[in-house]
Each structure stands twice: as C-alpha cells, then as structure tokens.
Amino acid sequence: MDLAVLVPELISALPLTLFIMFVAMAAGFVLAFITTFFRICRVPVISQLADLYVSYARSVPVVLQLFVVYYGLPVFVAQFGLPDIFDANLAAMVGLSLYHGGYLSEVMRPAYLAVERGQHEAADSLGYGFFRKLTRVAGPQAAHIALPGYGNSIIYLIHNVALVMYIGAADVMATAHLVMERDYNQYQFETYLVLAVLYSALCLVAWAIIRLLERRSGRYIQQGARRLKLAPSV
C-alpha cells in the first residue's frame, strides 16, 4: 500500500483519539485530586471508598474496565429511567477517565506525603491557612515530586487509548484494522509501523512537556522558598 494513501487515512482518525485522550486526562486529573484529598484527610467511609476505587483502577486490566463501563452504564442509567445515550466514544472517555484518575491518585498521594513536615510547620508559623499552604508551599513541592510519575501516567494513558477499539470506538487503531481488512489483511507491517510512529510521536511530545514543567517547577519552588524564607526540598 502506498504510504501516501495509508497515512492520511490513519491521521483522519487521530482527532478522535486525541479528544478521547484529552478528556480522560482532564477528567482523570480532577478525579485523582478529589480522591487524593479524601485519602489524605482520612474521612471515615469516604476514604475507604476512595481506597477501593484506586485499588480497582490499578488492579483490573484497562480493557476489562472499558467493557464494564460500556456494558454497565446503560444498565445503571436504566435503573433511573434515563435514556441510554452512551455510545462507544463516550464509554471510552468515561472508562479511561476512571482508570487514569485511580492510577494518578497513587502518584499524587505519596508526592504530597513526601513534602517535609518542616515545610508544613513553617507555613503554619507564618499564619498560612490550609488552602494558602496548599497553593503556596505544599502543593508546588508535591507537584514537582509527582511530575515524573505524572508523565508516566500520561504515557500509559496514550498507550491504553489504543484499547478503545475493542468497544467499537473508531480511533486510530480501529481505523488501521479496518484498512487492513479492506485490503484482505495485506500491508500489515506498513500499517503497524505507521501506528508505531504516531504513538511514539505522541509519547515524545508528552515527555518533552513534562520535562519542561519539571524544570520550571524546580525554579518556581526555589524562588518561592527564598521569598518565604522556607528551605526548598527539591
């Protein structure tokens, strides 16, 4: 198959792949932040439920999580008499968001706990409230510590987006299989090679952005620590 024909066909499905990935990335981050908050504060019952959610997200294979959402959401909404509006694309976003949120929570929690106790005490001595301490002292340092793990979680998410084809979402991987079936399973090597290049490019961009954020967050923490007369822990 001519690459001039193959590449545009695969790229035509890239916007949907990116949309699913960015929605899962954003929603997963919010879920991870909320889950981490309850896990750190140890709110009775809610914290245990948050731990259970994280265990589920990390233990169950991602493709199985997608199946659970794809087949389970219609059953769930039917119990409330609501119409079934969940197609494969929406189920993919929900399933990957739940997976990413649970995985990322286990990156955020140890990062926050790794901030030196003395940093919290110094902020308390300056009269900082909880949210000011979180945004000015503990939060930036925890974010800097969590960035490498966050970068890994983004790369894993990019990899796992390829699994949404199993519930019928027409992403890049599904489009590649349709192309090969149309050509009687010929040109498999060429097709998979182009896919490998596309996914490698996405991961490389994500890695470069995380590296940039690591450098900038390190400088921000050092400057803030000097300004507040707190010892930096980076």
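All residue numbers refer to positions counted from 1 along the written sequence of the respective chain. Local features in this predicted model are restricted to residues whose pLDDT is 70 or higher, and side-chain atom pairs enter the listing and the counts only when it is 80 or higher, whereas totals over whole chains, interfaces and linings include all residues. To get the side-chain values, all heavy atoms of the structure are used, and hydrogens and water are removed first.

For the rest of this paragraph, the subject is the overall build of the protein. The secondary structure content of the protein amounts to 9 helices and 0 strands. Here a strand is any run of E in DSSP of at least two residues, a helix any run of H or I of at least four, and the numbering for each starts at the N terminus. Ordered by position from N to C terminus, the α and β elements of the protein give α-α-α-α-α-α-α-α-α. Judged by the C-alpha coordinates and their principal axes, the protein covers about 70 × 45 × 25 Å. To sort residues, take the accessible area from a 1.4 Å probe on protein chains only and compare it with the maximum for the residue type: under 20% means buried, over 50% means exposed, and anything in between is partly exposed. Across the 234 residues that make up the protein, the buried fraction comes to 42%. We call two residues in contact whenever any of their non-hydrogen atoms come within 4.5 Å of each other. Here the analysis covers contacts within the protein between residues at least 6 apart in sequence; of these, 75% occur between residues at least 24 apart. Accessibility throughout is a Shrake-Rupley quantity obtained with a 1.4 Å probe, and a residue counts as covered only by protein chains that appear here. Working note: accessible area of the protein is about 12,800 Å², and carbon and sulfur atoms make up 67% of it. Charged-residue counts in this description rest on Lys and Arg as positive and Asp and Glu as negative, His and the chain ends being excluded. In this description, the location of a charge corresponds to atom NZ of lysine, CZ of arginine, CG of aspartate or CD of glutamate. Looking at the protein, you have 16 positive and 14 negative side-chain charges, and the mean spots of the two groups are 22 Å apart.

Looking now at the environment of histidine 159. With respect to the helices and strands, the residue histidine 159 is situated in helix H7 (residues 130-161). Classification of histidine 159 by relative accessible area gives partly exposed; the value is 42%.

Each pair of packed helices can be summarised by the angle the axes make with each other and by the distance between the axes. Relative to each other, helix H2 (residues 14-41) and helix H3 (residues 46-59) sit at 130 degrees, their axes nearing to 8 Å. Relative to H3, the element H2 is oriented oblique. The chirality of how H2 crosses H3 is left-handed. Contacts between H2 and H3 pair Leu31, Thr35, Phe38 and Arg39 from the former with Ile46, Ser47, Ala50, Asp51, Tyr53 and Val54 from the latter. To get an axis, a line is fitted to the C-alpha atoms, and for a helix only the part in contact is used. The angle between two axes follows their N-to-C directions and goes from 0 to 180 degrees. An angle counts as roughly parallel when it lies under 35 degrees, as roughly antiparallel when it exceeds 145, as roughly perpendicular when it falls between 65 and 115, and as oblique in every other case. Each crossing is labelled by how the near helix is turned from the far one, with a counterclockwise turn of less than a right angle marking it left-handed and a clockwise turn marking it right-handed.

With that settled, consider the confidence of the model for the protein. The predicted structure's coordinates, where accompanied by low pLDDT, should not be read in detail. The pLDDT score gives, residue by residue, the confidence of the prediction method on a 0 to 100 scale. In the predicted model, the protein carries a mean pLDDT of 86, and 90% of its residues have values of at least 70. In this model residues 230-234 is a low-confidence stretch, pLDDT under 50, and it forms 14 contacts with partners more than four residues away in sequence or in other chains.

By convention in these notes, a salt bridge is any Lys or Arg side-chain nitrogen within 4 Å of a carboxyl oxygen on Asp or Glu. Under the counting rule described, the total for this entry stands at 6 salt bridges. A salt bridge links arginine 182 to glutamate 9; the nearest nitrogen and oxygen atoms lie 2.9 Å apart. With a gap of 173 residues between them, arginine 182 in helix H8 (residues 172-182) and glutamate 9 in helix H1 (residues 3-12) connect regions that are remote in the sequence. By relative accessible area, which is 44% here, arginine 182 ends up partly exposed. Judged by relative accessible area, which is 22%, glutamate 9 ranks as partly exposed. Arginine 211 serves as the salt-bridge partner of glutamate 214, at 3.9 Å between the closest nitrogen and oxygen. In this pair, glutamate 214 and arginine 211 are both assigned in helix H9 (residues 188-228), 3 residues apart and thus about one turn of the helix distant. Using a relative accessible area of 37% as the deciding quantity, one classes arginine 211 as partly exposed. Each of the salt bridges in this network shares a partner with another, and the network as a whole consists of Arg39, Arg42, Asp51, Glu106 and Arg109.

Next up on the list: the packing of aromatic side chains. Note on aromatic pairs: each is described by the distance of the centres and the angle between the planes. In summary, the pairing rule links any two rings of Phe, Tyr or Trp, Trp by its six-membered ring, whose centres are within 6.5 Å, and it sorts them by plane angle into stacked for under 30 degrees, edge-to-face for over 60 and tilted for everything else. The tally for this structure, following the rule as stated, stands at 6 aromatic pairs. Seen in terms of ring centroids, phenylalanine 37 and phenylalanine 38 are 5.5 Å apart; in terms of plane orientation they differ by 70 degrees. Their pairing is edge-to-face. On the basis of relative accessible area, phenylalanine 37 is assigned to the partly exposed category, the value being 35%. Overall, phenylalanine 38 belongs to the partly exposed group, its relative accessible area being 24%. Through successive ring pairs, a cluster of aromatic residues spans Phe67, Tyr70 and Tyr71.

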